[in-house]
Amino acid sequence: MKIEQHDEGKKGFFQVLINEKQAGKMTYTWAGKSKFIIDHTEVDPDFKGEGVGKKMVKAAVDFAKENKLKVIPLCPFAKKVIEKKPEFQEVLA
């Protein structure tokens, strides 16, 4: 399982690749220079139940922590994952 981040200026995404197939994708939009909004998370039905979505949320939280950024989780899935883990909540905007 490989997690990649692609930042395209105003928007970006994290994706999980399993055997070179996209297992999941989580999109975000920048809200200024110090915050980003997690818009949407989707997981390929073939990979449901394997923790793909949670791994993408963790990658986003790690990215935020490493770069001293804040996260606004508008995606209901990402919001739920962040709210369940106290160690993730420090990145909430």
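Look up: the structure comes first, before these words.
Residues numbered from 1 in each chain as written. Predicted model: local features only at pLDDT ≥ 70, side-chain atom pairs only at ≥ 80, totals over all residues. Heavy atoms only, no water.

Trainee: Break down the pairing of strand β4 (residues 35–43) for me, with residues and values.
Mentor: With 7 bridges joining them, strand β3 (residues 21–30) and β4 adopt antiparallel strand pairing. Across the sheet, residue threonine 29 finds its bridge partner in β4, namely isoleucine 37. Hairpin connection of β3 to β4: 4 residues between the antiparallel strands, including glycine 32 at a positive phi of 90 degrees. Pairing of β4 with strand β5 (residues 70–73) involves 4 bridges; the strand directions are parallel. (Pairing = 2+ DSSP bridges. Helix = DSSP H or I, 4+ residues; strand = E, 2+ residues; numbered from the N terminus.)

Trainee: Help me get a handle on the nonpolar core, residues and values and all.
Mentor: One finds Phe14, Met26, Phe36, Ile38, Val52, Val57 and Val71 to be the most contacted residues of the largest nonpolar core, which totals 27 residues. Those elements that provide at least two residues to this core are β2 (11–18), β3, β4, α1 (52–66) and α2 (76–84). In terms of residues, this core owes the most to one element, α1, which gives 8 residues. (Core = buried A, V, L, I, M, F, W, Y, C linked by side-chain atoms within 4.5 Å. Buried < 20%, exposed > 50% of the residue type's maximum accessible area, 1.4 Å probe, protein only.)

Trainee: Would you mind going over the environment of tyrosine 28 in detail, with residue names and values included?
Mentor: Topologically, tyrosine 28 is positioned in strand β3. Judged by relative accessible area, tyrosine 28 falls into the buried class, the value being 1%. Sequence-wise, tyrosine 28 and glycine 12 are 16 residues apart; in three dimensions their C-alpha atoms are separated by 5.4 Å. Non-local contacts of tyrosine 28, meaning those with residues more than four positions away in its chain, are made with Gln5, His6, Asp7, Lys11, Gly12, Phe13, Phe14, Phe36, Ile37, Ile38 and Asp39. (Contact = heavy atoms within 4.5 Å.)

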